[in-house]
Amino acid sequence: MNRYKEWTAVILLILSVCFLLRLAFVRPELPVFGTQLWVVYFGSGEDSFLVPELRFGTPSVAARLQALERGPRLPNLNPVLPPGTKVISYQIEGNLIVVNFSRQLTENHPGGSASELITVYGLVNTLTEDPSLDYVQILVEGSRVTTIAGHVDVSQPLRRDESLIEAR
Amino acid sequence: MGKKGLIFFFAVSVLAIALFSASSGCEASFRFYIGDREVDLAASLVVNGNILIPISVFEQYMGAEAEVSLDSGELKLVFPMYTITGQIGTSKVLVNGEEQIMGAAPQLRHGEIMVPLRFIVDLLGLRLNTDTRQAILYVILTEEMADWIASRDQSGSVGLQLPGFPEPDFSELPDTPVLKEIVFMGGPRSRVFIDVQGFTAFHSFLLTNPDRMVIDLPGVELDGPIPTQEINDSIVKRIRGDRFDEQTIRIVFELNRATDYQINRWPDGGLEVEFNYQMGSVGYYRDEEQTPRIWFEANEQPMFRVQLLPSPMRLVLDFQYTTLLDGAREIPVGDSTLRAIRVSQNSPSVTRIVLDLEGPMIPVQVEEINGRYEIILFEGTEEEYQALLAQKAPEPEEPEVVLPVEREIDDSLPLAHRMIVVDPGHGGSDPGTIGSVLGVFEKDVVLPISLELGRLLEENGAVVVFTRSDDRYVSHFDRAPIANAVNAEVLISIHANSYEGTAAKGVETLYNPLYLENFRFAEVIQRELVNYIGAVNRGVRPRTDLHVLNNANMPAALVEVGFVSHPEEEAMLNDPDYQKRIAEGLLMGIINFFRDYR
Ligand SMILES: [Zn+2]
């Protein structure tokens, strides 16, 4: 068991050093003995901008989608997907991911362009954190919709939008 | 050393979280030192987990020569050993002529070019360090670098690092992580939260006979005995835990059957355990309409990844976080498009259903019917499916344009003969957003504002066309085309806004930045409206993704006149006097636009 303790200590030292040197500022693919750091974007509790929430673990596409589906852990953040929205399926074609959502994405959306932008780019920015993905196409029960809540055109693949991450 | 490592790791992760949440906004709430000099960090930005700082910092504090061209977006940084050339918007840079990739692309923010700090620090062989307690970020210099900086600005010597470093004081941090409790949270994946205060390593594995999952927590103290919990749900029978040996706490999940699981670390140290969804029988049939359907039994609907593979043609559905009960199997079908279905456990966390196809097929939708899930399939490709939907959609009719009656117009009026289209957002079956207290509908707020604006515009000589002038549904596809059809000189779309919570309020105007005229139009409307009604100014927002604006052939703006999610603003927006004042403010914006730019 002493051996195990030593081994743990070594790993932890390496972890600490890795974290010290690289901090949270590296892209989240940093493999630190299975503990990776990644982010999900949620709506700020104060106003309509996106805030990254940290996650430890493997940042697979499924993990990112599941994190979006479940919403934030921090109490002062807002989910980006409307209540009851499920991810039915997803398909990856090169640098494009097509995500098929249940109808609650449009039916339960509270509306307003501010909150619609947070929904769309919370999703797009979280998925494009994956370095191999640049575009996100949203489907609702298999079909391309014009908008989710009447303003933002989501009929075509969307690119990341950093401007919404910045504070007021 | 292990203990110190743990504490240090914990502390660093806390800082990382603090920095992340702090710097998601532009203003960083950490202090930043290069050597022993504090840097006045006007702005910082986190992009893809990279911290970006203004390029001028390297010039001012690190003796670099920076050259930037805001026109072309080119940037150049010259250090004694390295010349870095790059471009805004691309993470590729040339270092001494050789291509390298930075963690993030340089960006323009508030007139400053922001570049990734990490990349430069690594390149120069410097170190980035932190004081977690005081949220300070340090660049520790090498002696050559310090000499170089001192020689560049003749301000005397530069210390390698902030005095007082490197012994951070951890005395107030908990010495040892403590296991507080194990909380069964349930759900289809039998979620369990192991509340460990402090950061812990863990080690987990499955054991058989009987099936159980074990998590060992080394170096963790117990707060008290761990009570055994009888769960008896579809996955977990019982959870128990105890000290395994001097160093280790062992938590045992007694399972109904061996199944894969995920353990996610929470930022403050806790561990979240989740087991896979459980998939039972799988089958196939065609419904009355001959639509092919795959059904499966599961404790909840898992998401799946879709792949359509050629030669031989197969549709592969990978169900994430899913355990297949009852083993792999093949279900012969012999259908016109489907030969057989194969089901297997592809990896511990993925159950795979493969459809051996005669022709292309895609999944469209999942329905829950009689306690099982049915995947509705479409016989054809994705493109064919979208084409079919487009066909099924009602034929877009020629937009109904109600031209105003001809009238005598006084040529001296400020808007004489100007053709203006006013677009009240939403309408009919689409209420738009709904107010938080009174429950006012966006469609009912924007219509009277639009009608009043139209009346005022006509008073000032304009010819006004509405996309709707009563409570009716108008498709997205008709709004801008109406403005295009009448050759409108401007299009103004009027909406009311909404955001989660009750804090957001004020006016913003959205425009497509593709044409300068759009910006001018939006800017003048925003300015005049905000000044006139005294609302919070949220500014103009360039957006390239708004449906109504993108399809307009003339200067167009979408005005969000206020937030119905804000209780006071909702009440004001519901007040006819305030609605009138908004219309008056918008009128002034439009008059000024034509006066200044037409
Ligand atoms: Zn609207």
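(A) Region of the structure containing the sheet that holds strand β3 (residues 77–78) of chain A. Residues and elements named next belong to chain A. An order of β2-β1-β3 is seen for the three strands of this open sheet, with the pairing classed as antiparallel. Lying at the two open borders of the sheet, with one neighbouring strand each, are β2 (50–56) and β3. Across two bridges, strand β1 (residues 37–44) lies against β3 in antiparallel orientation. When the bridges of β3 are listed, S44 appears paired with L77. Its contacts with the sheet place helix α2 (residues 61–70) against β1 and β2, and it is angled at close to 30 degrees to β1. Seen against the sheet, helix α4 (residues 113–127) touches β1 and β2 and runs at an angle of roughly 175 degrees to β1.

(B) A look at the domain arrangement of chain B. When the domains of chain B are assigned, the result is domain 1 (31–152), domain 2 (178–275), domain 3 (278–389) and domain 4 (419–597). Summarising the inter-unit geometry, the C-alpha centres of domain 1 of chain B and domain 4 of chain B are found 43 Å apart.

(C) Inspection of helix α11 (residues 576–597) of chain B at higher detail. If you check α11 of chain B, its first and last C-alpha atoms are 31 Å apart, about what 22 residues at 1.5 Å a residue would give, namely 32 Å. Its side-chain oxygen placed 3.1 Å from the backbone nitrogen of D577 of chain B, D575 of chain B serves as the N-cap of α11 of chain B.

(D) Molecular detail of the coordination of the zinc ion. Those donors, H151 of chain A (NE2), H426 of chain B (NE2), E442 of chain B (OE) and H495 of chain B (ND1), are the protein atoms that reach the zinc ion, and they lie 2.0 to 2.1 Å from it. Taken together, the four donor atoms coordinating the zinc ion span angles of 92 to 161 degrees at the metal, a pattern that classifies the geometry as irregular. Linking H151 of chain A in the loop between β6 (135–140) and β7 (158–159) with E442 of chain B in helix α6 (residues 442–459), this pair reaches from one chain into another. Take H151 of chain A: its relative accessible area is 1%, and that puts it in the buried class.

(E) Representation of the packing of aromatic side chains within the structure. Residue and element names in this part refer to chain B. If you walk through the whole model with that rule in mind, you get eleven aromatic pairs over all chains. For the ring pair F593 and F594, a centre distance of 5.6 Å and an interplane angle of 75 degrees mean the geometry is edge-to-face. Ring geometry for F593 against Y597: centres 5.7 Å apart, planes inclined by 45 degrees, an arrangement best described as tilted. Of this pair, F593 and Y597 both sit in helix α11, four residues apart, which is roughly one turn of that helix. The class of F593 is buried, set by a relative accessible area of 0%. Note on Y597: relative accessible area 30%, which makes it partly exposed.

Conventions and cut-offs
- Residues numbered from 1 in each chain as written.
- Chains lettered and ligands numbered in written order.
- Predicted model: local features only at pLDDT ≥ 70, side-chain atom pairs only at ≥ 80, totals over all residues.
- Heavy atoms only, no water.
- Pairing = 2+ DSSP bridges.
- Helix = DSSP H or I, 4+ residues; strand = E, 2+ residues; numbered from the N terminus.
- Contact = heavy atoms within 4.5 Å.
- Axes fitted to C-alpha atoms, helices over the stretch in contact; angles between N-to-C directions.
- Domains from an automatic or database assignment.
- Expected span 1.5 Å × (residues − 1).
- Polar contact = N/O pair within 3.5 Å; in protein donor to acceptor, adjacent residues only side chain to side chain.
- Donors = N, O, S within 2.8 Å, 3.2 Å for Na, K, Ca; no water.
- Tetrahedral: all angles 85-135°; square planar, octahedral: opposite > 155°, others 65-115°.
- Buried < 20%, exposed > 50% of the residue type's maximum accessible area, 1.4 Å probe, protein only.
- Phe/Tyr/Trp six-rings, centres within 6.5 Å; stacked < 30°, edge-to-face > 60°.

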